[in-house]
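Close look at the chain arrangement
Spelled out from the first residue to the last, the chains are:
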Amino acid sequence: MTSTWSGLRVVVAGGAGFIGRSLVPALLAAGARVRVVDDLSTGQAAGLDGAEIVVADIAALTELPGGAADVVFNLACPASPRAYQADPVRTWRSSVLGTHALALAALAVGARLVQASTSEVYGDPDVHPQVESYAGNVALQGPRACYDEGKRAAEVLLYDLGRTQGLDVRVARIFNTYGPGMATGDGRALPEFIEAALVDAPLRLEGSGRQTRSFCHVDDMVRGLMALAACEAARGIPVNLGNPDERTIRAAAEAVIRLSGSRSVLIDVPAARDDPRRRCPDISRAKALLGWEPEVGFEAGLATMIADLTARKRHAGAGGSL
Ligand SMILES: NC(=O)c1ccc[n+]([C@@H]2O[C@H](COP(=O)([O-])OP(=O)(O)OC[C@H]3O[C@@H](n4cnc5c(N)ncnc54)[C@H](O)[C@@H]3O)[C@@H](O)[C@H]2O)c1
């Protein structure tokens, strides 16, 4: 693959979701011809100007919609715990059977597949920060298992299709990503905190907010995904993409209150089951192979998200939707 995206035919499965809605314009700006394949279960087709939209469930594909492609990104899976736990069998089906169907379709046209895997493959980690060689500490029977194990099974499938059938695959293990355009009302911490802060309502800290996360701005994530897609040396191995700037959920909530000028207070609520206690990527591999590391600092990135949610709230107040 050339280092430029100009003229490449790119399919983005799940392109109508949060990360896809930033990836698609970046690919278009780089000169790619983009086709979004999405069942619109958590995504929205509006606003993806310049891309072709095909409404389809990837688990039901028998071929790549729209014909040949050079690169296929697979982002098609609900990402918020509330969305993926609502129908765990459907989540597992999208993750495993969907990845299988999409990978076979990519293989049939000789396209490279870039898989959106997740830091959740590490479960509740007892190795910190998480390095790609760490096998993880996951709960097979918990409420998060459909997602965590679905993503693990999808990775296995892709490495095996690479070894046995020559599938050209890249695997991004994505850590918590945030930024403008994130859905509201799906239980993810930062949009929940900002929504509450904007109306001076209490911010609810599960498990007292002692658990840590490392938040990566979506602009950095999009750069990382595009660099990974273009990197020959990353073929067939997982690569962590995330921001190693680790903080407690409590500290993140305090930053939201400070930056939004809110009068909200923090309240403690019981911890969610199987919620990982710590999460921080080791990004040595991404730095070495892709020359990539995050550039957007947490407070600057949070400000872009507060501005976005403030504008969307104003629009919703004027009769639009959030
Ligand atoms: N956002 C994060 O912090 C994060 C972290 C780790 C991994 N990821 C992974 O990145 C990918 C994108 O995440 P996101 O935050 O944009 O999620 P999202 O839920 O906003 O977007 C997922 C998109 O996939 C579509 N979709 C779901 N099932 C589908 C199916 N069977 N067929 C076709 N389309 C389907 C949805 O309609 C939606 O547009 C996901 O695979 C997720 O697991 C995200």
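Described in the following lines is the structure provided in the data block.

What follows deals with the overall build of the protein chain. Of regular secondary structure, the protein chain possesses nine helices and 13 strands. For 322 residues, the compact-globule estimate of 2.2 N^0.38 gives 20 Å, and the protein chain sits close to it at 19 Å. By principal-axis analysis of the C-alpha atoms, the protein chain measures approximately 55 × 45 × 40 Å. Averaging the coordinates of the 33 positive side-chain charges in the protein chain and doing the same for the 36 negative ones gives two points 1 Å apart.

The next thing to look at is the nonpolar core. Counting residues in each nonpolar core, the largest one holds 59 residues, and the members touching the most others are Trp5, Val10, Val12, Leu27, Phe73, Leu190 and Leu241. With seven residues, the top contributor of residues to this core is helix 6 (residues 218–229). For leucine 190, the residues in contact, after removing those within four places along its chain, are Tyr178, Phe215, Ala252, Val256, Phe298, Leu302 and Met305.

It is worth spelling out the environment of alanine 45 at this point. Within the secondary structure, alanine 45 is located in the loop between strand 2 (33–38) and strand 3 (52–55). Of the residues examined, alanine 45 reaches a relative accessible area of 29% and is grouped as partly exposed. Sequence-wise, alanine 45 and arginine 21 are 24 residues apart; in three dimensions their C-alpha atoms are separated by 9.2 Å. Setting aside anything within four residues of it in sequence, one finds alanine 45 in contact with Ala16, Arg21, Leu40 and Ile53.

You can see aspartate 308 is positioned in helix 9 (residues 298–317). Every residue in contact with aspartate 308, bar those within four places of it in the chain, is listed here: Pro180 and Gly181.

Okay, the sheet that holds strand 6 (residues 169–174) next. Strands sit in the order 3-2-1-4-5-6-11 across an open sheet of seven strands; the sheet is parallel. Two strands bound the open sheet, and with one partner strand each, they are strand 3 and strand 11 (238–241). Put simply, the sheet's adjacent strands are angled 20 degrees from each other on average, direction ignored. The strands touched by helix 4 (residues 145–165) within the sheet are strand 5 (112–118), strand 6 and strand 11, with strand 5 carrying the most contacts at an inclination of about 150 degrees.

Burial along strand 8 (residues 203–206) is one-sided: the residues Leu203 and Leu205 are buried and none of Arg204 and Glu206 is. With four bridges joining them, strand 8 and strand 13 (residues 266–269) adopt parallel strand pairing. By the bridge assignment, leucine 205 is partnered in strand 13 with aspartate 268.

Before going further, it helps to examine helix 3 (residues 88–109). Residues spaced three or four apart along an α-helix point in a common direction, a consequence of the helix completing one turn every 3.6 residues. A rise of 1.5 Å per residue sets the reference length of helix 3, with its 22 residues, at 32 Å; its end C-alpha atoms lie 31 Å apart and thus fit the reference within 8%. Within helix 3, burial applies to Thr91, Ser94, Ser95, Val96, Gly98, Thr99, Ala101, Leu102, Ala103, Ala105 and Ala106. Directly after helix 3, the chain includes glycine 110, whose backbone phi takes a positive value near 70 degrees.

With that out of the way, let us pick up the site of the ligand. Contacts to the ligand come from 30 residues, most closely from Ile19, Asp38, Asp57, Tyr147 and Lys151. In the environment of the ligand, a nitrogen atom lies 3.1 Å from a nitrogen or oxygen atom belonging to the backbone of aspartate 39. Here serine 94 contributes a side-chain N or O atom positioned 2.9 Å from a nitrogen atom of the ligand. The protein chains hide 96% of the 820 Å² of surface that the ligand would expose on its own. When residues in the shell around the ligand are grouped by element, the largest group, three residues, is from strand 5. When the residues that make up the shell around the ligand are grouped by side-chain class, the tally is 14 nonpolar, 10 polar and six charged.

Moving on to the packing of aromatic side chains. Summed over the entire model, instances satisfying the criterion amount to seven aromatic pairs. Here tyrosine 122 and tyrosine 134 contribute two aromatic rings whose centre-to-centre distance is 6.0 Å and whose plane-to-plane angle is 15 degrees, an arrangement assigned as stacked. Here the residue tyrosine 122 occupies a position in the loop between strand 5 and helix 4, and tyrosine 134 occupies one in the loop between strand 5 and helix 4, the gap between them amounting to 12 residues. Judged by its relative accessible area of 0%, tyrosine 122 falls in the buried class. Under the relative-accessibility criterion, tyrosine 134 is labelled buried at 12%.

Below, the discussion takes up the packing of helix 5 (residues 189–198) against helix 7 (residues 249–260). With their axes 10 Å apart at the nearest point, helix 5 and helix 7 run at an angle of 35 degrees to one another. Between helix 5 and helix 7 the crossing geometry is right-handed. From helix 5, Ala189, Leu190, Phe193, Ile194 and Ala197 reach across to helix 7, where they touch Ile249, Ala252, Ala253, Val256 and Ser260. Its residues placed into classes, the contact of helix 5 with helix 7 shows nine nonpolar, one polar and no charged.

Cut-offs used in this document
- Residues numbered from 1 in each chain as written.
- Predicted model: local features only at pLDDT ≥ 70, side-chain atom pairs only at ≥ 80, totals over all residues.
- Heavy atoms only, no water.
- Helix = DSSP H or I, 4+ residues; strand = E, 2+ residues; numbered from the N terminus.
- Rg over C-alpha atoms; globule rule 2.2 N^0.38 Å.
- Lys, Arg positive; Asp, Glu negative; His and termini not counted.
- Charge placed at Lys NZ, Arg CZ, Asp CG, Glu CD.
- Core = buried A, V, L, I, M, F, W, Y, C linked by side-chain atoms within 4.5 Å.
- Buried < 20%, exposed > 50% of the residue type's maximum accessible area, 1.4 Å probe, protein only.
- Contact = heavy atoms within 4.5 Å.
- Pairing = 2+ DSSP bridges.
- Axes fitted to C-alpha atoms, helices over the stretch in contact; angles between N-to-C directions.
- Expected span 1.5 Å × (residues − 1).
- Near = heavy atom within 4 Å.
- Polar contact = N/O pair within 3.5 Å; in protein donor to acceptor, adjacent residues only side chain to side chain.
- Areas by Shrake-Rupley, 256 points an atom, 1.4 Å probe, with all protein chains shown as cover.
- Nonpolar A, V, L, I, M, F, W, Y, C, P; charged D, E, K, R; others polar.
- Phe/Tyr/Trp six-rings, centres within 6.5 Å; stacked < 30°, edge-to-face > 60°.
- Left-handed = near helix turned anticlockwise from the far one by under 90°.

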